[in-house]
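Next come the chains, spelled out residue by residue.
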Amino acid sequence: MSNVAIRNLQIQLGGNKVIESLNLDVKAGEFVVLLGPSGCGKSTLLHSIAGLIDTSAGQIEIGGKDMTWADPKDRGIALVFQSYALYPTMNVEANMSFGLRINGTPKAEITRRVARASDMLQLGPLLKRKPANLSGGQRQRVAIGRAIVREADVMLFDEPLSNLDAKLRTELRRELKQLHKQLGATMIYVTHDQVEAMTLAQRMAVMKGGVVQQFDTPDVIYNTPANLFVATFLGSPGMNLFKGTLEQQGGKAIFSNQHLSVDVTGYPFKQPLTGKHDCVLGVRPEDIDVGHGDGVAGSAAVRASVSLIEAMGAHRVVWLDFHGTQVAGIVQDQLQIETEKDINFSIRTNRISLFDGASEQRL
Ligand SMILES: Nc1ncnc2c1ncn2[C@@H]1O[C@H](COP(=O)(O)OP(=O)(O)OP(=O)(O)O)[C@@H](O)[C@H]1O
């Protein structure tokens, strides 16, 4: 097991600053996910750890050794790509053992490692098949198997499940998590899929524009997003946002705008509140209490018109037109709700996020 430490990393590609002064500490044996929208630099970061991209400045340490300029094969890493990149003329066994054969690993050792990996991935019955005769999920298992046989300390995954259908993705996701437990290897995994990130990561780094916006456990990031970008990037539907001002009124902290006044005195402000601020109040849809009058720990109920109801099976997403703003609420009970009727909603104030209106950082 190796840790991965990235210090002040800078990467320029074709005159573009893709990564700027990035720091990240991945502990030995940890499963870390790099999450962000397309073009945020997550693949570039992963490829720089693998040694496939030169860094412009900074340092990459793997297992306590400076690997910034080390050859990819000397870094103790294995990389799994989105495209399986299997050799079409070789069967599964040959595909998995290829790298070991060319670096002269003894035959008995190759057999042991291939048997172990195919056991873990349930590839035993498929060892003699060619890639053309495998499903997408099976091909990706072989690609993962090829990485496992290297017995690398650090495994890097570049969106490995994004070519698979939703059901297979869920299955392989569970297998990957299991695999991480069995192998104990350090894993760094790139995805733009928030569900994948939330379910796989012990910690995740949310990136935007080559900069890590927040690096923490999925729970902390979901419940206490560091800024507006992170708040809106995670969650489906996304966090509801209300613009307004924040000020002290008679010993209380009050968020208000033209249509809403919310007592936020209990909010764990990082800095004591002074003066009057532009502010954005964020509430997750599951923290909008629909139809129940005043919430238990909530704001005073306000009225809105139901514009759309989406049945999701386990719950309903109810879209409320609140003075022209669409507010999403999640309803888990059997409450009777009809479109175009008015209904009350309130905000569970113990679950809100507040952001500075100008800097967009969490207050
Ligand atoms: N060779 C290159 N020359 C110039 N710019 C590049 C080059 N390769 C990538 N970029 C730019 O670097 C940025 C980051 O790319 P990267 O592939 O790391 O993003 P990503 O977050 O992995 O996105 P995706 O999810 O779409 O793969 C993008 O803006 C991209 O256009």
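Quantities reported herein were computed from a predicted structural model and do not represent experimental measurements.

Turning to the overall build of the protein, a few remarks are in order. Looking only at helices and strands, the protein features eight helices and 20 strands. Its C-alpha atoms give the protein principal-axis dimensions of about 75 × 45 × 35 Å. Each of the 363 residues in the protein was classed as buried or not, and the buried ones make up 37%. Pairs at least 24 apart in sequence give 67% of the contacts found in the protein among residues at least 6 apart.

As a further point, take the pairing of strand β7 (residues 154-158). When you tally the buried positions in β7, you get five out of five residues, the bulk of the element. Burial along β7 is two-sided: V154, L156 and D158 and M155 and F157, pointing in opposite directions, are all buried. Pairing geometry for β7 and strand β8 (residues 186-191), over five bridges, is parallel. The partner of M155 across the bridge, within β8, is M187. A crossover links β7 with its parallel partner β8, the connecting element being helix α5 (residues 166-183), and its sense is right-handed.

A word on the environment of R146. As for its position among the elements, R146 is in helix α4 (residues 136-148). R146 sits in the buried class, given 25 other C-beta atoms within 10 Å. Expressed as a C-alpha distance, the spacing of R146 and K177, which sit 31 residues apart in the sequence, is 17 Å. In this structure R146 touches N95, M96 and G99, once residues within four positions along its chain are discounted.

Attention now goes to the domain arrangement of the protein. Annotation of the protein at the domain level lists domain 1 (4-233) and domain 2 (240-356). Centre-to-centre, using C-alpha coordinates, domain 1 lies 39 Å away from domain 2. Residue-level contacts link five residues of domain 1 with four residues of domain 2. Residue composition of the side of domain 1 that touches domain 2, by class: three nonpolar, two polar and no charged.

With that out of the way, let us pick up the sheet that holds strand β16 (residues 302-311). Taken in spatial order, the five strands make up an open sheet running β15-β19-β16-β17-β18, and their pairing is antiparallel. One side of each edge strand has no neighbouring strand; the edge strands of this open sheet are β15 (288-290) and β18 (325-331). The average angle at which neighbouring strand axes cross in this sheet is 45°, direction not considered.

This part takes up the sheet that holds strand β4 (residues 57-62). Read across the sheet, four strands follow the order β2-β1-β4-β5 without closing on themselves; strand pairing throughout is antiparallel. Edge positions in the sheet fall to β2 (16-26) and β5 (65-66), since each has one partner strand and no second. Inspection of the sheet shows strand β1 (residues 4-13) paired to β2 by seven bridges, in the antiparallel sense. Bridge pairing in β2 links I11 to I19. Against the sheet, helix α1 (residues 42-50) engages β1, β2 and β4, with an angle of about 115° to β1.

Close contacts around the ligand come from 13 residues, with L13, G14, S38, S43 and T44 the closest. Counting residues per element, the ones that place at least two in the shell around the ligand are β2 and α1. A total of three residues in the shell around the ligand trace back to one element, the largest contributor, which is α1. Tallied by class, residues from the shell around the ligand come to three nonpolar, nine polar and one charged.

Attention now moves to the UniProt feature "domain: ABC transporter" (unreviewed entry) in the protein. Mapped onto the present numbering, the UniProt feature "domain: ABC transporter" (unreviewed entry) falls on residues 4-234. Across residues 4-234, helical content stands at 36% and strand content at 26%; the span's end C-alpha atoms are separated by 26 Å.

Here α5 spans 25 Å end to end across 18 residues, near enough to the 26 Å set by a 1.5 Å rise per residue. Directly after α5, the chain includes G184, whose backbone phi takes a positive value near 70°.

As a further point, take the nonpolar core. Within the largest apolar cluster, 93 residues are counted, with the highest numbers of intra-cluster contacts made by V33, L34, L156, I188, M204, A205 and L281. Residue assignment places this core across two domains, with domain 1 (4-233) and domain 2 (240-356) each supplying three or more.

Across the protein, pLDDT averages 92, with 98% of residues at or above 70. Among the scores for the predicted complex, ipTM is 0.93 and pTM is 0.90.

Axis angle and axis distance: for two packed helices, these are the angle between their axes and the distance between the axes, and together they describe the pair. Running from N to C, α4 and α5 point in directions that differ by 15°, and their axes come no closer than 11 Å. Taken together, α4 and α5 sit at an angle that is classed as roughly parallel. Crossing angle aside, the handedness with which α4 passes α5 is right-handed. The residues of α5 that touch α4, namely those facing G136, G137, Q140 and I148, are L168, L172 and L183.

Here strand β9 (residues 203-208) pairs with strand β10 (residues 211-216) via five bridges, running antiparallel. The residue bridging M207 from the neighbouring strand is V212, located in β10. Counting the residues that bridge the hairpin from β9 to β10 gives two residues, and of these G209 lies at a positive phi of roughly 55°.

On to the packing of helix α2 (residues 92-102) against α4. Look at α2 against α4: their axes get within 8 Å of each other, and the N-to-C directions meet at 30°. By crossing handedness, the relation of α2 to α4 is classed as right-handed. Side by side, α2 and α4 meet where V92, N95, M96 and G99 of the first sit next to V142, G145 and R146 of the second. By residue class, the composition of the contact of α2 with α4 is three nonpolar, three polar and one charged.

How each quantity is defined
Residues numbered from 1 in each chain as written. Predicted model: local features only at pLDDT ≥ 70, side-chain atom pairs only at ≥ 80, totals over all residues. Helix = DSSP H or I, 4+ residues; strand = E, 2+ residues; numbered from the N terminus. Buried ≥ 20, exposed ≤ 12 C-beta atoms within 10 Å, placed from the backbone. Contact = placed C-beta atoms within 7 Å. Pairing = 2+ DSSP bridges. Right-handed = clockwise from strand over helix to strand, strands pointing away. Domains from an automatic or database assignment. Nonpolar A, V, L, I, M, F, W, Y, C, P; charged D, E, K, R; others polar. Axes fitted to C-alpha atoms, helices over the stretch in contact; angles between N-to-C directions. Near = placed C-beta within 6 Å. UniProt positions renumbered as here; feature names shortened; annotations may be inferred. Expected span 1.5 Å × (residues − 1). Core = buried A, V, L, I, M, F, W, Y, C linked by C-beta atoms within 7 Å. pLDDT = per-residue confidence, 0-100. Parallel < 35°, antiparallel > 145°, perpendicular 65-115°, else oblique. Left-handed = near helix turned anticlockwise from the far one by under 90°.

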